[in-house]
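# Architecture and fold: a report
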Amino acid sequence: MTGLRQTNEEARRIRALFEAQGAQLVETDILQPAETLLDLYGEDIRGRAYVTTDGVRGEMMLRPDFTVPVVQWHMESNADPARYTYSGKVFRMQEEDLSRPNEYVQVGYEVFDGKAPVQADAEVFAIIAKALDGLPVRAATGDYGILTAAVRGLDTSDARKAALLRHIWRPRRFRALLERFGGKSDVPATRAALLAKADPMADAQVVGLRSAKEVEERIAALREDAQTAPIDSEQIAMLEELVSLRETCPNVLGNLRDIAVDMPSISKAVTRFSQRLDALSEAGIDVDALEFEGNFGRTSLEYYDGFVFGFYSETRAGMPAVATGGRYDALTRVLGRGREVPAVGAVIRPELVVALRGQA
Ligand SMILES: N[C@@H](Cc1c[nH]c[nH+]1)C(=O)O
C-alpha cells in the first residue's frame, strides 16, 4: 500500500471510532476568510498561514486548522450538546524545518457541551488515547485555566496582567516578563534612555508602519509601566512555582492545593483540575502516571483557555505531536455573537500513526 493510501485508511479508521462515539461528520471549506479569522489563532499561526488576496472576497487563507471553521459553523446552529468529526488537510508554512510537511491530514473530534465540561475534557482525552492504543506514545497535559486565573488575581496594573496573558503561550517570554515585573531584571537600556528624554518624539521621524500617534501611545504606556510598583515577591514566587510544575497529576494536585492556600484566585481552577482527574480516571485513564506541565508551552494555537494535552512519540524524538487538543470556551464566545458554548476537542495526524505503527 502506498503511504497516501495507508494514511487515508488510517484516517477512516479513526473517523469511524469518533462517529461510533456519536460524532456527526462535518466538512469545511479549504479557503477561509483571513481578515476575520486569522487573528484568532495567535502570533505563530498568523505568521505561518498561506494568505492570498481575492478581488471580491478580500484576504483568504488556506485553512490552518478545522477548529475555528467548525466553531463558526456550530455557532450558527442552536444544537447543544453536539459532537463533530472531520478529516482533511490543513496548511501551515514550515520556515525552519523543510523536512516537516506544510500540508497534512488531521482527523478531529470536537465536543460542544456546557453541562458537563469536565466530563467532556475526559471524553476527548480518552477517545484520543483509545485511537492511539498500542502505539509507542506518551501524553503530556497542562491547564491554561490555572495560569490565567493566577495572572488575573495578581495585585498589579491591568496592563501588566494583559502583557502576561498575551505571553502565556511562550514560557521563556513569560518568565522574562515575570522577572521584570517583579523588579528582578532591569528595563532594557534602550527603553530606559528613551523614557529619560523629556520629549522622545521631538527629533523623531516617522518611517515605519506605525503612526506618530501610535508611537506616542506606546511611549505613554511604557511610562506608566515604569511607574508601576513591582509585583510583590511572594506573588511572583508562587507564579514561578506554578509554571515550574512538572510532575504526575496527583503530585501536581497536592502542590496546587498548597499554592491555592496563599493564592485563592486559583481555587476554582484547582477544584476543576481535581474533578477532571476523577473524570479521567472514570474514563479509564491511569492518572497516576499522567504527566502535567505547569507551563505547557507546546502549542502554537492561542485559543486554548483550559485543559490542554498532546501525545508524543516515545521512539522518534523529532516527530511532531501525533495528537493535540484542548478546551477553547472563549473562542466560542468570540465567534458566537453573544452566545457561548463551552467546547473541547482534539486532532490526530493519521500519517504519523501509520509511521509509528510501521515501527512497532
Ligand atoms: N485544531 C487544533 C487541534 C484541536 C482540535 N480541537 C481543539 N484543538 C490543531 O490544529 O492543532
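For every chain, the first residue of the written sequence is number 1, and numbering continues from 1 along that sequence. Reporting in this predicted model follows two pLDDT cut-offs: at least 70 for local features of residues, and 80 or more for side-chain atom pairs to be given and counted; totals over whole chains, interfaces and linings ignore these cut-offs and use all residues. Processing note: side-chain calculations cover all non-hydrogen atoms of the structure and skip hydrogens and water entirely.

As annotated in an unreviewed UniProt entry, the protein carries the name ATP phosphoribosyltransferase regulatory subunit and is attributed to Marivivens donghaensis.

### A few points about the overall build of the protein
Segments assigned H or I by DSSP are reported as helices when at least four residues long, segments assigned E as strands when at least two residues long, and all are numbered from the N terminus. Of the regular secondary structure elements, the protein holds 15 helices and 12 strands. Both definitions apply: the radius of gyration is a C-alpha atom measure, and the globule rule equals 2.2 Å times residues to the power 0.38. Computed over its C-alpha atoms, the radius of gyration of the protein comes to 22 Å, within 12% of the 21 Å expected for a compact globule of 360 residues. Along the three orthogonal principal directions, the C-alpha set of the protein runs to about 70 × 55 × 45 Å. Relative accessible area decides the class of each residue, using a 1.4 Å probe on protein chains only: under 20% of the type maximum gives buried, over 50% gives exposed, and in between gives partly exposed. Relative to its 360 residues, the protein shows a buried fraction of 49%. Considering only contacts within the protein whose residues lie at least 6 apart along the sequence, 70% involve residues at least 24 apart. Carbon and sulfur atoms make up 48% of the accessible area of the protein, which amounts to about 18,000 Å² in all. The charged-residue count follows a simple rule in which Lys and Arg add positive charge and Asp and Glu add negative charge, with His and chain termini not counted at all. Here the site of a charge means atom NZ of a Lys, CZ of an Arg, CG of an Asp or CD of a Glu. Charge separation in the protein, taken as the distance between the mean sites of 44 positive and 54 negative side-chain charges, equals 3 Å. Residue contacts are defined here by distance: any two heavy atoms, one from each residue, within 4.5 Å place the two residues in contact. Residue exposure ignores everything except the shown protein chains as possible cover, and the areas themselves are Shrake-Rupley values with a 1.4 Å probe.

### Focus on the packing of helix H1 (residues 3–20) against helix H5 (residues 117–131)
Axis separation between H1 and H5 bottoms out at 10 Å; the angle between their running directions is 145°. Crossing handedness for the pair H1 and H5: right-handed. Together, Arg13, Ile14, Leu17 and Phe18 of H1 and Ile127, Ile128, Lys130 and Ala131 of H5 make up the contact between the two elements. We call Asp, Glu, Lys and Arg charged. Ala, Val, Leu, Ile, Met, Phe, Trp, Tyr, Cys and Pro are nonpolar, and the rest, Gly among them, are polar. Here the residues of the contact of H1 with H5 are counted per class, giving 6 nonpolar, no polar and 2 charged. Interaxial angles span 0 to 180 degrees and are taken between N-to-C directions of axes, which are lines fitted to C-alpha atoms, for helices over the stretch in contact. Crossings are assigned a handedness: left-handed for a near helix turned anticlockwise from the far helix by less than a right angle, right-handed for a clockwise turn.

### Some points on the pattern of salt bridges
Definition used for salt bridges: Asp or Glu carboxyl oxygen within 4 Å of a side-chain nitrogen of Lys or Arg. On inspection of all chains with the given rule, the structure shows 24 salt bridges. Two residues, Lys89 and Glu103, come together in a salt bridge whose shortest N-O distance is 2.8 Å. With Lys89 in strand S5 (residues 82–91) and Glu103 in strand S6 (residues 103–112), this residue pair connects regions lying 14 residues apart in the sequence. Residue classification places Glu103 among the partly exposed residues on the basis of a relative accessible area of 36%. Three or more residues joined by partner-sharing salt bridges are found here, namely Asp121, Asp143, Arg276, Arg327 and Asp329.

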